[in-house]
Amino acid sequence: AHGPFDVVFCVGDFFGENEEILNPYIEGKVEFPIPMYFISSHLPTHISEQLKESKQLCKNVSFLGSCGLSDVQGLKVAFYVEVASDEGEFSTSFATSNVKSVQP
């Protein structure tokens with residue numbers, strides 16, 4: 001059996017190619033049933049503007065950021081988003097400042 005779950009972490013391309021699929025959630029017409037936290041290297045412009053004021057995209061959906069530490073429901077979470085090049089290749093090294101930002 002799966003669940004029940006206390007929280008969901010979404011990593012990867014959260015918005016995908018069809019960011020409009022989230023509009024019913026952002027408009028408050030539909031709600032996620034449990035808290036969801038996401039990290040992303042790409043934020044659509046209108047979403048990026050919204051997240052400057054609050055890290056909450058909509059009810060139960062929050063943006064952690066691209067790199068850092070956060071307490072999520074009593075769980076200490078470290079996160080780091082690695083960005084692919086235009087060719088789809090990922091770097092094999094990490095920026096020292098980013099690594100330091102996720103150290104306790």
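Above this note sits the structure.
Note that the coordinates shown come from a computational prediction; the quantities given were computed from them, not determined experimentally.

About the criteria used
Throughout this description, residue numbers start from 1 for each chain and increase along the sequence as written. Only residues with pLDDT of 70 or above have their local features reported here, since the model is predicted, and side-chain atom pairs are shown and tallied only from 80 upward, although totals for entire chains, interfaces and linings are computed over all residues. Computation of side-chain values: all heavy atoms of the structure, hydrogens and water removed. Each helix corresponds to a stretch of at least 4 residues labelled H or I by DSSP, and each strand to a stretch of at least 2 residues labelled E; elements are numbered beginning at the N terminus. Residue burial is assigned from relative accessible area. The probe radius is 1.4 Å, only protein chains are included, and a residue is buried under 20% of its type maximum, exposed over 50%, and partly exposed in between. Residue contacts are defined here by distance: any two heavy atoms, one from each residue, within 4.5 Å place the two residues in contact. Residue-level accessible areas treat just the shown protein chains as cover; the underlying method is Shrake-Rupley with a 1.4 Å probe. In this analysis, strands are considered paired if DSSP registers two or more bridges between them. Throughout, an axis means a line fitted to C-alpha atoms (over the contacting stretch in the case of helices), and angles, computed between N-to-C directions, take values from 0 to 180 degrees. We define a salt bridge as a side-chain nitrogen of Lys or Arg found within 4 Å of a carboxyl oxygen belonging to Asp or Glu. Residues belong to a common nonpolar core when they are buried Ala, Val, Leu, Ile, Met, Phe, Trp, Tyr or Cys residues joined through side-chain atoms within 4.5 Å.

**Here we look at the overall build of the protein**
- If you tally the helices and strands in the protein, you get three helices and six strands.
- Counting helices and strands in the order they occur from the N terminus, the protein gives β-α-β-α-β-β-β-β-α.
- Among the 104 residues that make up the protein, the fraction classed as buried is 24%.
- If you take every contact in the protein between residues at least 6 apart in sequence, the share linking residues at least 24 apart comes to 60%.
- Here the protein has roughly 7,300 Å² of accessible surface; of this, 51% comes from carbon and sulfur atoms.

**Side note on the sheet that holds strand β3 (residues 56-58)**
- Pairing is mixed in the open sheet, where four strands are placed in the order β1-β2-β4-β3. Looking at the sheet topology across the chains shown, the edges are occupied by β1 (8-10) and β3. If you compare each strand with its neighbour and ignore which way they point, the axes differ by 30 degrees on average.
- Each of β2 (36-39), β3 and β4 (61-65) is contacted by helix α2 (residues 45-53), which is oriented at about 125 degrees to β3, the strand it contacts most.

**Considerations on the pairing of strand β5 (residues 67-72)**
- Bridge count between β5 and strand β6 (residues 75-80): six bridges; the pairing is antiparallel. By the bridge assignment for β6, Gly68 is matched with Phe79.
- Linking two consecutive strands that pair antiparallel, namely β5 and β6, is a turn of two residues; a positive phi of about 50 degrees is found at Gln73 within it.

**Side note on the pattern of salt bridges**
- Scanning all chains against the criterion turns up three salt bridges.
- Among the salt bridges present, the one from Glu27 reaches Lys29, with a minimum N-O distance of 3.2 Å.
- In this structure, Glu49 and Lys52 form a salt bridge, with 3.3 Å as the shortest nitrogen-oxygen distance. Placement of both Glu49 and Lys52 in helix α2 is noted, with a separation of three residues, approximately one turn of the helix.
- A relative accessible area of 45% means that Glu49 is categorised as partly exposed.

**A few points about the nonpolar core**
- Ranked by size, the top nonpolar core spans twelve residues in total: Phe14, Phe15, Leu22, Phe32, Met36, Phe38, Ile47, Leu51, Leu57, Cys58, Val61 and Phe63.
- Secondary-structure elements contributing two or more residues to this core are β2, α2, β3 and β4.
- Not counting the four nearest positions on each side in its chain, Phe15 is found in contact with Leu22, Phe38, Ser40, His42, Leu43, Pro44, Ile47 and Leu57.
- Core analysis: the next-biggest nonpolar cluster, separate from the first, contains eight residues, Val7, Ile39, Phe79 and Val81 among them.

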